[in-house]
Every structure is written in C-alpha cells, then in structure tokens.
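Structural features, examined
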Amino acid sequence: MISNSNSPLARREALGDRREQLVRMIEIRNVEERIQKLFAEGHIRGSTHLANGQEAVAVGIARAIDPDDIVTCTYRGHGHALALGVTPQGVIGEICGRVIGCAGGLGGSMHLVEPSVGLLPTFAIVGAGLPVACGAAMAARARGKDRVAVAIFGDGSTNIGAFHESLNFAAIRKLPVVFVCENNLYGEYTRIQLTTPVEDIAIRATGYNIPGIIVDGQDVDAVAAAMANAVARARAGDGPSLIEMKTYRYSGHSRSDPATYRPAGELDAWLKRDPINIFADRLEGEKVIASGELATLFDDVRVAVEAATQEVLASPAPDMAEILSHVSARSAGGDQRWNFWSK
Amino acid sequence: MISNSNSPLARREALGDRREQLVRMIEIRNVEERIQKLFAEGHIRGSTHLANGQEAVAVGIARAIDPDDIVTCTYRGHGHALALGVTPQGVIGEICGRVIGCAGGLGGSMHLVEPSVGLLPTFAIVGAGLPVACGAAMAARARGKDRVAVAIFGDGSTNIGAFHESLNFAAIRKLPVVFVCENNLYGEYTRIQLTTPVEDIAIRATGYNIPGIIVDGQDVDAVAAAMANAVARARAGDGPSLIEMKTYRYSGHSRSDPATYRPAGELDAWLKRDPINIFADRLEGEKVIASGELATLFDDVRVAVEAATQEVLASPAPDMAEILSHVSARSAGGDQRWNFWSK
Amino acid sequence: MAKIWNRQAVLRALDDAMAEDPAVIIMGEDIAAAGGPFKVTEGLLAVHGPDRVIDTPISEMAFLGAAVGAAVCGMKPVVEMMFIEFIGVALDELTTQAATMRFLSRGKLTVPMVVRASAGAGQGFGCQHSQMLDHWFRGTPGLKVCVTSNARTTYGLLRSAIDDPDPVVVLEPRVLYAEREDYEFDKNYRIPLGTAEVVRSGKDATVVTCGAMVRVVKEAAEKTSANIEIIDLLTLWPWDRRTVVESVQRTGRLVTVEEATMGSGWGGEVCATVSTECFGKLKAPPHRITLPDAPVPYSGALEARYLPNADYVTQQVDALVATNRSPAPWWRMAS
Amino acid sequence: MAKIWNRQAVLRALDDAMAEDPAVIIMGEDIAAAGGPFKVTEGLLAVHGPDRVIDTPISEMAFLGAAVGAAVCGMKPVVEMMFIEFIGVALDELTTQAATMRFLSRGKLTVPMVVRASAGAGQGFGCQHSQMLDHWFRGTPGLKVCVTSNARTTYGLLRSAIDDPDPVVVLEPRVLYAEREDYEFDKNYRIPLGTAEVVRSGKDATVVTCGAMVRVVKEAAEKTSANIEIIDLLTLWPWDRRTVVESVQRTGRLVTVEEATMGSGWGGEVCATVSTECFGKLKAPPHRITLPDAPVPYSGALEARYLPNADYVTQQVDALVATNRSPAPWWRMAS
Ligand SMILES: Cc1ncc(C[n+]2csc(CCOP(=O)(O)OP(=O)(O)O)c2C)c(N)n1
Ligand SMILES: Cc1ncc(C[n+]2csc(CCOP(=O)(O)OP(=O)(O)O)c2C)c(N)n1
Ligand SMILES: [Mg+2]
Ligand SMILES: [Mg+2]
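Bear in mind the structure is a predicted one, so any value in this text is a computation, not a measurement. (Residues numbered from 1 in each chain as written. Chains lettered and ligands numbered in written order. Predicted model: local features only at pLDDT ≥ 70, side-chain atom pairs only at ≥ 80, totals over all residues. Heavy atoms only, no water.)

Okay, the overall build of chain C next. Assigned secondary structure in chain C consists of ten helices and 14 strands. Relative to a compact globule of 335 residues, whose C-alpha radius of gyration would be 20 Å, chain C shows 20 Å and is just as compact. Projecting the C-alpha coordinates of chain C onto the three principal axes gives extents of approximately 60 × 45 × 40 Å. Counting over 335 residues, chain C shows a buried share of 73%. For chain C, the proportion of contacts with a sequence separation of at least 24, taken over those separated by at least 6, is 78%. For chain C, the accessible surface area stands at approximately 9,000 Å², while carbon and sulfur atoms represent 51% of it. (Helix = DSSP H or I, 4+ residues; strand = E, 2+ residues; numbered from the N terminus. Rg over C-alpha atoms; globule rule 2.2 N^0.38 Å. Buried < 20%, exposed > 50% of the residue type's maximum accessible area, 1.4 Å probe, protein only. Contact = heavy atoms within 4.5 Å. Areas by Shrake-Rupley, 256 points an atom, 1.4 Å probe, with all protein chains shown as cover.)

Bringing the coordination of the magnesium ion (ligand 4) into the picture now. Residues and elements named next belong to chain B. Ligation of the magnesium ion (ligand 4) by protein atoms is provided by Asp-155 (OD), Asn-184 (OD1) and Tyr-186 (O), these donors lying 2.0 to 2.1 Å from the ion. Positions of the donor residues of the magnesium ion (ligand 4), expressed as sequence spacing, correspond to D-x28-N-x1-Y. One end of the pair, Asp-155, is in the loop between strand 2 (149–154) and helix 7 (161–172); the other, Tyr-186, is in strand 4 (residues 186–187), and 31 residues separate them in sequence. Its relative accessible area of 2% is what places Asp-155 among the buried residues. (Donors = N, O, S within 2.8 Å, 3.2 Å for Na, K, Ca; no water.)

What follows covers the sheet that holds strand 5 (residues 114–119) of chain C. Residues and elements named next belong to chain C. Taking strand neighbours across the sheet as the criterion, the seven strands line up as 3-2-4-5-7-6-12 in an open arrangement whose pairing is mixed. The sheet is open, and its two borders are formed by strand 3 (53–55) and strand 12 (235–237), each paired with just one other strand. In this sheet, neighbouring strand axes are inclined to one another by 20 degrees on average, regardless of whether the strands run parallel or antiparallel. Note: strand 6 (residues 144–147) against strand 12, two bridges, orientation antiparallel. Counterpart to Cys-146 in the pairing with strand 12 is Thr-235. (Pairing = 2+ DSSP bridges. Axes fitted to C-alpha atoms, helices over the stretch in contact; angles between N-to-C directions.)

Here we come to the sheet that holds strand 7 (residues 241–246) of chain A. Through backbone hydrogen bonds, the strands of a sheet pair up, either in parallel or in antiparallel fashion. Residues and elements named next belong to chain A. The five strands are arranged 1-2-3-7-6 in an open sheet whose pairing can be described as parallel. With partners counted over all chains shown, the strands left at the sheet margins are strand 1 (70–72) and strand 6 (212–216), one partner each. Taken over all neighbouring pairs, the strand axes of this sheet differ in orientation by 20 degrees on average, direction set aside. Along the sheet, helix 6 (residues 129–142) contacts strand 1, strand 2 (149–154) and strand 3 (177–183); its crossing angle with strand 2, the most-contacted strand, is approximately 170 degrees.

Once that is clear, we can look at the coordination of the magnesium ion (ligand 3). Within the protein, the magnesium ion (ligand 3) binds to Asp155(A) (OD), Asn184(A) (OD1) and Tyr186(A) (O); these donor distances fall in the range 2.0 to 2.1 Å. Each donor residue of the magnesium ion (ligand 3) lies on one chain, and together they are spaced D-x28-N-x1-Y.

Taken together, the contact between chain D and chain A spans 43 residues of the former and 43 residues of the latter. Both sides together, the interface formed by chain D and chain A hides about 3,600 Å², and carbon and sulfur atoms give 65% of it. Applying the counting rule to chain D against chain A returns one salt bridge. Measuring nitrogen to oxygen at the nearest pair gives 2.7 Å for the salt bridge that ties Glu322(A) to Arg106(D). The tally of links between chain D and chain A comes to 14 residue pairs in polar contact (both at pLDDT 80 or more). Element by element, the count of residues in the side of chain D that touches chain A is highest for helix 3 (residues 60–72) of chain D, at eleven residues. Here the side of chain D that touches chain A is built from residues that sort into 23 nonpolar, eleven polar and nine charged. (Buried area = accessible area lost by both parts, 1.4 Å probe. Salt bridge = Lys/Arg side-chain N within 4 Å of Asp/Glu carboxyl O. Polar contact = N/O pair within 3.5 Å; in protein donor to acceptor, adjacent residues only side chain to side chain. Nonpolar A, V, L, I, M, F, W, Y, C, P; charged D, E, K, R; others polar.)

Note that every value here comes from positions in space, so none of it alone points to a role or purpose.
So, in structure tokens, the structure goes:
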C-alpha cells in the first residue's frame, strides 16, 4: 500500500500489480479531494488544477512505460505525478509549499517533478512540454538508448503552435515520442467545439502522416494497451503517434471554478462511467479484489493520504537561502546533475 | 501597357483584360531578372527573393480579388506586388532603397507595401502574415464589409506554429480568409520532403475541417478559378479555404543561392511548363494575341522595365529625417492613416 | 465616493471605451462567456455581443496577430494576455510586426491596439506565472508600455491606451485586482501616456516606482524617518524624464523600487538618465531596490521575502539617507 | 599567424567542441546539408553526421524546445537562430522553460544548451532582420548572454558557452562574419563568461562597448583627441562590473557605445551601476551613445546614419571630455 513506500521508483514498480493500479487510481482521487480541502483550509496559494475523473489515463500511461522513459506533462499533473511514482507527500507537500514537496516548495502546484521516474518539471505554459519531449527523444536516440518520451497535454492545447511544430518535427525525424492528448472536452471554461473545428483531436495526426488513435480514457486497460502499442512502435524506430484519450474532469478547471458552464447531465453521464468503478468491477470479475473490497480500499487510502497530509503540514517551509541556491551552476546549490539512463 | 500608368489601382484594374494578364506575367519575369542584374551591379543591399517561375500564381490571385481585399504576403513578394498593381518603379525603387520605392526606401526587398491595392507591408518573418490576415477578415466582418483577406505563404511556412493557429482560428470563426500556399517544393535550400511528412500541403486542411484544394500553379486560369471559388465561399460567410498552388521558383532561394541542391533535370522539367508560355499559347488559341506576338511583348516589357529602372536609379535616397518620421503618431510624419473600405 | 475594486476599473474602462467607439473590440481566452479568468470582463459579452467580445482558442500567436490585422483595417482591438508570460509564444506579432507597421508604410498603416495583461508576483502562481516582463517591450521603437497601480490609474491608463493611435502594452499587477478603494468613475478621465505622477511629496529622497510597488513604497513612507517623495512612473516607455529629474533636483537623492531583477528592470535606465541629467547635484548615489537574481519562488514565505516589502524599503531608504551610501541588498547581507 | 574569417571561428568552435564531446549536437534551419545560410557550419555534416548536425523544419518553437529536452537528457545542443528576430516566435522555450529548469528541479535538472544567432544591422536586411535584441534575454535569472566581436572572441566565447552547464545566448554580429584577421586557433582557448576585456588602455575616458561597435570605437580611438580606454564587455549578463568600475575609477569618465535604442540597451545598467559605485569620483556625467528610437531603415545612406560610426563616436567623446557635459545625440542637433 502506498504509505508503505516513500520511494517513487518502488511505487512505480508496484504498478505491475493490477490491484495496486486500482489503489493508485483511488489514491489519485483521494489526493485531489484532499487538495481541494487543503485549499479551503487555506494551506494552498495560487491555483491548482485537479484531475479527478482522469485517473485511468494517468495510471494507464504509467503502467505502459518504464521509469526511465521521459514524461512531459502540464499543470494538471497531480494524477500523473502520483501514477508515475511521486509520493502523496511529494505532491501535497509541493502544493503546500513545504520542504517535503517534490520540488522542495519552490515550484508549486503547476511544477511537480521527479527525475527518478522520468518526470520533468510539469509545464505551466500550454504546449511548452511537447517540443521538450521531442528533445528528450532525440537524446535517447543520440545516446543509443531505446527510451521513449511521452508528452501529455489537453485538448485545448492542440490549438497552439507548439503542438503543430512538435508533431511535425517528431514525424519528420521519426522520433520515439508518444503524444497523449487528454481530451476532457474543456479548455478552461470553454467547451471544445467553441475553439476547435474538429470533434476528434486524433484526426489532426493526418497532417503529419502519423497514427492518430482514439481511446476510451476511462478504461485503464484500454489506455495501457494503446500506450503499449505506440511505445513499441516508437522503440522500434517507427516514429511518433498521437493518442487521444476521451476523458472528463469532474471538477472545474482550477480551484475557484464551479464549472457552471457544463450542460446539465453531462457530469452525471460521465460519473456513470467512473474509471475507478469500471476497473474495480473488472478486477472483481478477475477475482483480484473481493466483492465489496473497494470500500475498504477507499478507506485504507484515505487513512494513508491523511497521514501523508499531516506529514506535509508538519514539514517546514523551505529555507530562505533556497531562493538563490538553484539559479545557475554557480549558485550555492551547486551541480548535482541528474544522469538519465546512466546504467 | 505597364509604363502608361503609374497608378497601382489603374494597373490593377487593367488586369481585367487577358492580354494585360499575360503582359503582367512577363513584367514580373522581367523585373525579377532586372533585379538580379541590379544586384550584380551593386545597386541592392541585403538580400532579395525572386519569384520567377511563380508568375501565374501572382497574377491569378490578383485577377480573382478586388483592390480593397487585403493581402498579406512574404518577402518573396515582388511578383505579387506587381500583380496587385505596384509599379515597377515602386518595386525596383524600394529594393534599391530610393524615395521612389513603394515604402520610400525604408523597408527594402522584404517589405513591399501599397494600401491602395490592399497590400500590407510584406512579412519577413515566416508565418507572421497569416494571423494578420485573420484580423483583417475580422475587421471586414465587424465593419459589415464583404471584403476578404488573402494570406500568401510558402510550403516551408506550413511547419510553423502561426500557420496552425491561424487556420484553426479562421476556421472556428468562419472568417473570410483564403490561405494560399505557394508550394515551390523548397524552403530555402531544403526540399519539402526533408521537413514535411506530407506531400500535399492541402491535406492539412483536414485538421481544421476546411476545404483543402490543390491547384496547378503554373496555369493562371486554374489559379484564378480556384481563388474565385474560395473567395466566393469566404464572402458568402462559409469560412476559410486552404489552396495549395503547385509551382516552382526558377532561381535560388535568395540572391546568392545557386540552388545546386536541386536534382538534375528538375528545373528543366518545370521550364517545360513555363506559366508564361502556357498562357501565351492559350491566348494565341483564343486569338487574344497573334502568333509570334509573345516576342514583341517581351521586348516591349523589357523596354518599359528598363525605363522604370532608369527612373529608379535617378531617384534619390530618402531624406535622413525619414529615419525618425514614422515611429509613432508623435513623429514628424504625423498621422495620415489609410482608411480601408471608407466608401 | 464609491468603494470599488481595482478589477472593476478594467471592466469600466473596457465597457466605456466600447460604448463610445464601435471600433473597439476585445479578444482573449475565456474573456467573453466566462467573464475573464480574473473577472475583469464580466458582463461585457451580454452588453456588446459576441462580435466585439471574443473568446479565442489557446492560440496567442493567432489572436495577437489578428489584433494587428484588425487594427490596421480600422478596428481598435484590446487583447488580453491572461498572464504576461504567455506572450512568450507570440512576441513577434507585437514587437516585430505591430511596432514596425507604421514605419514600413511611412505612416499610412497604423496599429491602434492594446495588449493588456495581468502581471507580477505575490499570490503563489509560481515562476512561470508571476513576472512583470516589461523588459521584453521597453525601448521597442513604436511601442508604449504602462503599468497600473490602482483603480484610478487603471482606468486612466487603459482609456488613454485605447485612444492611442499606436500599439500600447498595459501591465496590470494581478495582486491589485482585489484591492478596494474610493474612486468615482469619470468617462472623460485620462492619464496621458508618458506622464508620471508625484503621489507623495518629500524633500529627502525621490523614490521612483510603479505598479504593485507603489503601495509598498507608500507604506514605507510612513515608516521611514526620511521624508520621501514618491513618483509613480505609470508609463515605462516612453517615461517621464522631466518629472523625475525635476524631483531629484529638489531632493538630491534617487531610489528606484521595482518588481524586476537588476539586469532586466527599468531602474537602470532611470538611474542612468538621472545620473547624467543631475550630474554633480546628487547627495547620494542613485540606488536601485530590485528582486534578487532568481526565478519567483512558490512557497509563501519565500515569495514574501523575494518581493520588496515596506520594511525592507524603509531600511534601505533610511540607510541611504543616513549614510549617503548605497546599502547592500538583503541577499548580500548576512541573514 | 593565419588570416582567418570571423565565420571560420564559429565553424572551428563548433567543430572542435563536437570532436571533443559527443554530447554536442547542432540544430537549425539549413545548417547541415547547406552548410548554413552564413556558411558558419559548412562541412560539419560530413564530419559529424546527420544525427549530430541537424537540419530542422521552419519550427523555431519545436527545435528550441527540443534543445531544452535534449540538454536535460544529457546532450549539449547548440541551436542556431538564423536571425535573432526569429526567436520572437519561440522565446518561451528559452526564457521561461530552459532558464527555470534548474530552479524547478532544485539543481537536479540542468540545461547546458547554447542559442547562437546572427544579429545586428549594417547590411540592408531591413528592420525585421537587423536587431541585437539582447534585452529580451538580459537579466533573466539562469540565462547568460554574450556578444562576439572578432574571430578570437567568437571562438573563446562559443567554447565557454558550450562548456557552460547552463543555457547561454551567443549573439554574433552578422556584419563581422566576413571580417578577416590574424588569429591562431587554440583548442584550449576560452574566454570565461562574465569577464570583459580592456582592448585599449587610456586615461581620459572609459568607453564600454561590445559586438560590431568594438571596431567602430577602436577606429574612433585613433581619431579622437582624447586618450580613451576601450572595454569590450563580451558578456552582457552577468557582466563584469569589476573591470568596468576599476577602469572608470582611473579615467573618471564613462561612455557606452551600443547597437541598441536608449530604452532597450545595456548602457543603462552599466551607467547606473557605475554611477552608484563611482559616486563622487566622476569628472563627467555617464554618457550613452545609442541608436535613435526608430526601427532599422533599409536604405544604405539611412542605415549608415542610423548606426554609430567612428566620426560620430569621436565627436561625442571629444565633446564629453572637453566640456565634461553630456553632448546631445545627432538626432537632437540641427542637422
Ligand atoms: C500559452 C498559454 N496560454 C494560456 C494559458 C492559460 N491556460 C492554462 S490551462 C488552459 C486550458 C488548457 O486546456 P487543455 O489543453 O484542454 O488542458 P486541460 O486544462 O483541460 O487539462 C489555459 C488556456 C497557458 N498556461 N499558456
Ligand atoms: C520565423 C522565421 N524562421 C526562419 C526564417 C528564415 N527564412 C526565410 S525564408 C525561409 C524559407 C521559407 O520557405 P517557404 O515557406 O517554402 O517559402 P519560399 O521562400 O519557398 O517562398 C526561411 C526559413 C524567417 N524569415 N522567419
Ligand atoms: Mg481540456
Ligand atoms: Mg517554398
């Protein structure tokens, strides 16, 4: 169970187990809810972007790639960070601006990071992570490593120039990149059809002559399967893919958004296809969990997340010296460069 | 004949006549050759980008739109400027940095301009003109004018973010814009297949749910017909189109480029489909020009362009005061704002 | 006098400008149906309609460039950059295209557009959503740059920016949106671009500042033993040399307080100009109070230390006036 | 000593760096097969192969951002911006992403990348292809900015920039590429980033400059009746305060000569810093020689007037030294 390990890598490896995958999805759900609460309690500054409802995408991706594959993600990254292995302490701690946070409290909600599981600091500028993923893939090839880079972004982000340039760039160089679009139907407070003249983002792959795949983002197995194919393709040198995950965010865009712009019934319809329930039912069928065990898992997770939260609240704010310790190699923090793929 | 009129608007209106269209194509060819020579003679600084071989695209577009439709074009704009109505004095003069130039010598080869025929200063930054065309189209709609905006750009430019954002933006707002891609197979010294994973740029229209049309850019009538359709569609409120003109530049990318990167025989193959010859033959068939008259037209144009060139060389450099005369409304040049669509 | 929110001043300025001039349109992400991420455009869609209050896709290059084209063709677009950092994906359309249009057409084509953006730190938005970035614009020929400091200056500067026949950037310190103060709206009120305001007169030192730092310096004025004159620069380019120089000639001391690093701030330009114009007349070296040379930290305690506050400004000004020496910044003192 | 072209220094710096370190790769438009628009990468493709010498589509955002990702993952990418203006469509990846990567990972992830670009005016490329634009980068925490001035400094700065563990921008004045001079290559030669050079010593005034203006000031040194000390700044951020201040303390006068407008140039920062550090020790006001506040004009005669030349610098320096007053710029004198 989550609280038993504080090593992101160990948490990542634990995902090989299907039961653990379900637990991780529950953990994401619970952490997002706790963060919402921490906001209300005044422990969090700025803004924060929850991904409850999108848990299957996060866990499905983490399942399908290796810990030293590189991931670039957005500000809506709590779930992905947890799925990839970052501890609840690391995520909640960062969002609360404490030393225990995965970026030591310097980054905040929009900038979660954990090199040991391939997570670059999540990107707060729409589209910015896609070119960076292309570069990580170039490095992998140049260094003779069969690593892939996964760029995760939203539907609204597919209207920004960096999306276009990156898919073209990756396609022409046949880079080992998997472009994952989490189509949750909204960019901030605006529904996709008001900003995007195509219903399926996947069709945009046509313009780059790469595969464009549509996936049920609420089914963790479907997500993992589609990812596995794209990753295999990428490792084989056949180039990038664009995978569109049809999903939904239960909360508003960011903390203060009540999401009143959503048509009546839309949320309910999606709740009927809750990714945790879908997967739990399947695991029950597979006898991986006992019937009725789901409730217990929710309880266990809640306890563990609450414990993690208390650890966070007991953790101090960063030292003032941190402000100037990581600006350049000449800073006090010095050079402790992470060596990806060293072995 | 060209030299008889120094009014861009009159030159533009003259294009209603098919014979005049042929003459204009010959003028473009001849002006580009003269510019090449002026470079050798040391009259031109910086760089310059010739469009000989692409004359049919320029004249075909100018034929199909009205003088108060707006055009954004690139540094490869000599031909378009002439077709739209700018005089040879205005074009050659600008490239030679003389007062007689269409921008008074302040802009140079990459920045030709003539508000009276809808030509905004041509853009030296790849992709920059596309969003601006979208804005011109928004203004037309907001002001209740049935004007269209035409954005002209190259094949290589379709890999830059502004292309993607502009087509999406125009599509979602159903703006009266015609996006014209002059696919001359090269972006600078690199052939299209090395930078672009699709052979036909037109296919990229799919990603925006707008028409993507492929046109023989060496046939002025085909260009004009395709433009007429897209323009009608735009004026009717049915939104933007992407038109790909298959064409070829006979010269290198810019003055100093010998274009040695081109596969043997490629240029010859295109020369066999020279747009001037194709159109001249057709006009002979239509009895618009007599057989053998083409040579005479070439001679007449040469004489006229030479006269224009001498006028340019007799024209002075701009006054030093010009440097600071047009920076803001507070500058000495004052406000003489052009009022588009005033009537 | 009615107490009004700073953000209402943005709303009123846009609303009044649109009511007076049909050429004014506004564009940005979620500014129409949602009323703006900071609620500074709330209700404008209902009043002025979807053709003038325009929600855009997440395409800064497209809508910033579209504003350029619309402006050239007779409109007066006001574009919102939700956070000024976002213009990092579209800067070309403003500084390279909009700012050169007049020059390249010898005055025939002009770009009366406004880019307004929320800017600055103080609320825990992290290092990619907390900068002023005025240095990306300052000194670009053909472009003006302003920073608002309260409801009145917000209204006055925005109206002038919209009236202006050339492109103007208006930076709105985000942290001020939720400030309330007494202010009576006046449709005819304008603050001429390029003019600074003496917001407090004093004799010991001239403190030049702008934006969110104005209130910090005002607070410091109550604490310091020195009697300081405070100038709100309001327009960073072209800035009001006359007012600043005239003041320093009286006080003999110059301090700049800005929300920018030493290397990117406008303080250098101000101190350099004053040092030249007031040569030999200064009692103390020109002194700049800036941010440390680091990205904006997220954690509350760190961000609070990162930004100049009233106590720090007070210490620095007191030290300067007392010793006529330029005191070291906090990050160079043993803490 | 061999006479070599300035552009050869770029080529040699890249070639040597690639030969010594397999992590170094170069990317840009037409830099591989075509050898570069300015022929500064000619032959590198043949020597180092297509995986390390990479032609890109016209996608500045993609390849600049790709450099960031490659750098984080163990490479040392050197990206060419053909003309520095082009980064106006991609600035975010450098200033907002690359420059904050170290901070956001508390030192674990670093971005040893170099952006080199041709920059500056003088050859009739027009106002969108002729600027220095160093103000877009200067003072960005985590980012360094250099400007080359001849073959030696080009080689020395580029090698140091490539060695540097953090992102560095190297601006190469385009007008110098075709300059020839005596210089013997030395693979081990470096110019430490952040250090300026006294290229001529004198006692009457310290003239701080960089890039293409260095040769202009040298020429002026031969014409002026004053005996001027010339400092080539080389790194604009972080810049060498010690060398400049030490010099001004000796000469008592400071003049900056730069290819930038008054509002965007580095001269303000230098004059402000020196005015503070040398307070009371200056014989004359700090004086800035800049471009007029206008876009770069195309026409040859105008561009020549637009840029500071030796005669103009001479007049200005002579006037300053003779009167200890700051002379007006040419555009404010009756011409
Ligand atoms: C360049 C840029 N423009 C605008 C924003 C503000 N912004 C943050 S999130 C967001 C919506 C993104 O929507 P989508 O891509 O669908 O991702 P989601 O939030 O739904 O996961 C916007 C517009 C930004 N961060 N960067
Ligand atoms: C943003 C930007 N990047 C690069 C350049 C340099 N450049 C000028 S023309 C050109 C090639 C453009 O090719 P294409 O779009 O096919 O137009 P063509 O020149 O063939 O007409 C390039 C890369 C530029 N001007 N702007
Ligand atoms: Mg979304
Ligand atoms: Mg081309």
